[in-house]
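Residue-level structure breakdown
What follows is each chain in one-letter form.
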Amino acid sequence: MGLNLDDKKAVVAEISAKVAQAQAIVLAEYRGLEVGDMTSLRAKARSSGVYLRVLKNTLARRAVTGTPFESLAEHMVGPLAYGISADPVAAAKVLNEFAKANERFVIKAGAMPGQVMTPKQVATLATMPSREELLAKLMGTMQAPIAMFVRTLNEVPSKLVRTLAAVRDQKQAA
């Protein structure tokens, strides 16, 4: 069942809003993929904060027109699933993991603002740590000197208590 003009405008507006906030878009061909597999992919994408949608390519081209992702329009050919995310790594990671498990799901291209990526570049992007992982590493690095300082300060009274306990035990033994 086709969409009427108002529905098409609504879809283009929705996708345009997602693209405006996006840091990465990944295109993947899903030809021959079973419904159950696609449903599990959508659930995984949703939990990772990736907007996953199967669109008509003409509507997707209209949605990216005038955006930094406009150069991606030439790769919009065939039955494609569009993964759009605000985290540059999330879309690539979710779709690349799924593509490894399903040979019928093939990544065709990807884009970051102003740059189109090949499938190999998308796979490389997928191996990078996500924003949350990088923030966690940064916080751990920033916290390490402070934690070591606190442990050092705590060692002085601890050593005193251990020494007093040893003296007490020695006097009790005598």
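Scroll up to find the structure this text is about.
Residues numbered from 1 in each chain as written. Predicted model: local features only at pLDDT ≥ 70, side-chain atom pairs only at ≥ 80, totals over all residues. Heavy atoms only, no water.

1. Regarding the overall build of the protein chain
Selection rule: The secondary structure listing takes helices from DSSP runs of H or I that are at least 4 residues long and strands from runs of E that are at least 2 residues long, numbered from the N terminus. We take the radius of gyration over the C-alpha atoms and set the globule estimate at 2.2 Å times the residue count to the 0.38 power. Partly exposed describes any residue whose relative accessible area lies between the buried limit of under 20% and the exposed limit of over 50%, with all areas from a 1.4 Å probe on protein chains only and scaled to the type maximum. Pairs of residues are marked as contacts when any of their non-hydrogen atoms sit within 4.5 Å.
Looking only at helices and strands, one finds six helices and five strands in the protein chain. Starting at the N terminus and ending at the C terminus, the protein chain contains elements arranged as α-β-α-β-α-β-α-β-β-α-α. For 174 residues, the compact-globule formula gives about 16 Å, and the C-alpha radius of gyration of the protein chain, at 26 Å, lies well above that figure. Of all 174 residues assigned to the protein chain, the portion counted as buried reaches 32%. Pairs at least 24 apart in sequence give 80% of the contacts found in the protein chain among residues at least 6 apart.

2. A short note on the side chain of asparagine 96
Take asparagine 96: it is sitting in helix H4 (residues 90–101). A relative accessible area of 11% means that asparagine 96 is categorised as buried. Discounting residues that sit within four places of it in the chain, asparagine 96 has contacts with Ile107, Ala123 and Ala126.

3. What about the sheet that holds strand E5 (residues 115–117)?
Put simply, the rule is: Only strands joined by at least two bridges in the DSSP assignment are considered to pair. Orientation is described by axes fitted as lines to C-alpha atoms, over the contacting stretch for helices, and by angles from 0 to 180 degrees between their N-to-C directions.
Spatial ordering of the open sheet is given by E2-E3-E1-E4-E5, a layout of five strands whose pairing is antiparallel. Because the sheet does not close on itself, it has two edges, and the strands there are strand E2 (51–54) and E5. Geometrically, the sheet is characterised by an average inter-axis angle of 20° between neighbouring strands, direction not taken into account. Bridge count between strand E1 (residues 24–29) and strand E3 (residues 80–85): six bridges; the pairing is antiparallel. What sits directly across from isoleucine 25, in E3, is isoleucine 84. Where helix H1 (residues 5–21) meets the sheet, it contacts E1, E2 and E3, and its direction lies at approximately 145° from that of E2.

4. Some thoughts on the packing of helix H2 (residues 35–47) against H4
Which entries qualify depends on this criterion: By definition in this entry, angles of less than 35 degrees are roughly parallel, angles greater than 145 are roughly antiparallel, angles of 65 to 115 are roughly perpendicular, and the rest are oblique. Left-handed describes a crossing in which the near helix is turned anticlockwise from the far one by less than a right angle; the clockwise case is right-handed.
Two numbers describe how H2 lies on H4: the axes approach to 10 Å, and their chain directions differ by 155°. Overall, the two elements H2 and H4 adopt an arrangement that is roughly antiparallel. In terms of crossing hand, the pair formed by H2 and H4 is right-handed. Contacts between H2 and H4 involve Asp37, Ser40, Leu41, Lys44 and Ala45 from the former and Val94, Leu95, Glu97 and Phe98 from the latter.

5. Description of the packing of aromatic side chains
Quick note on the threshold: Think of it this way: a Phe, Tyr or Trp ring, Trp meaning its six-membered ring, pairs with another when their centres are within 6.5 Å, and the plane angle makes it stacked under 30 degrees, edge-to-face over 60, tilted otherwise.
Under the criterion given, the structure shown has one aromatic pair. Ring plane angle 85° and centroid distance 5.0 Å describe the contact between phenylalanine 98 and phenylalanine 105, whose orientation is recorded as edge-to-face.

6. Describing the nonpolar core
Threshold: By nonpolar core we mean a set of buried residues, namely Ala, Val, Leu, Ile, Met, Phe, Trp, Tyr and Cys, connected to one another through side-chain atoms within 4.5 Å.
Core analysis: the largest hydrophobic core is formed by 23 residues, its most contacted members being Val26, Leu41, Leu95, Phe105 and Ile107. Of all the secondary structure elements, the ones that give two or more residues to this core are E1, H2, H4 and helix H5 (119–126). By size, the runner-up hydrophobic cluster in this structure holds 22 residues, among which are Leu59, Ala60, Leu72 and Leu80.

7. What to know about the pattern of salt bridges
To keep things clear, this is the line we draw: Definition used for salt bridges: Asp or Glu carboxyl oxygen within 4 Å of a side-chain nitrogen of Lys or Arg.
Counting across every chain of the model gives seven salt bridges. For arginine 162, the salt bridge identified is with glutamate 155, shortest N-O distance 2.6 Å. Exposure remark for glutamate 155: the relative accessible area of 40% places this residue in the partly exposed category. Several salt bridges converge on common partners, so that one network encompasses Glu29, Arg31 and Lys108.

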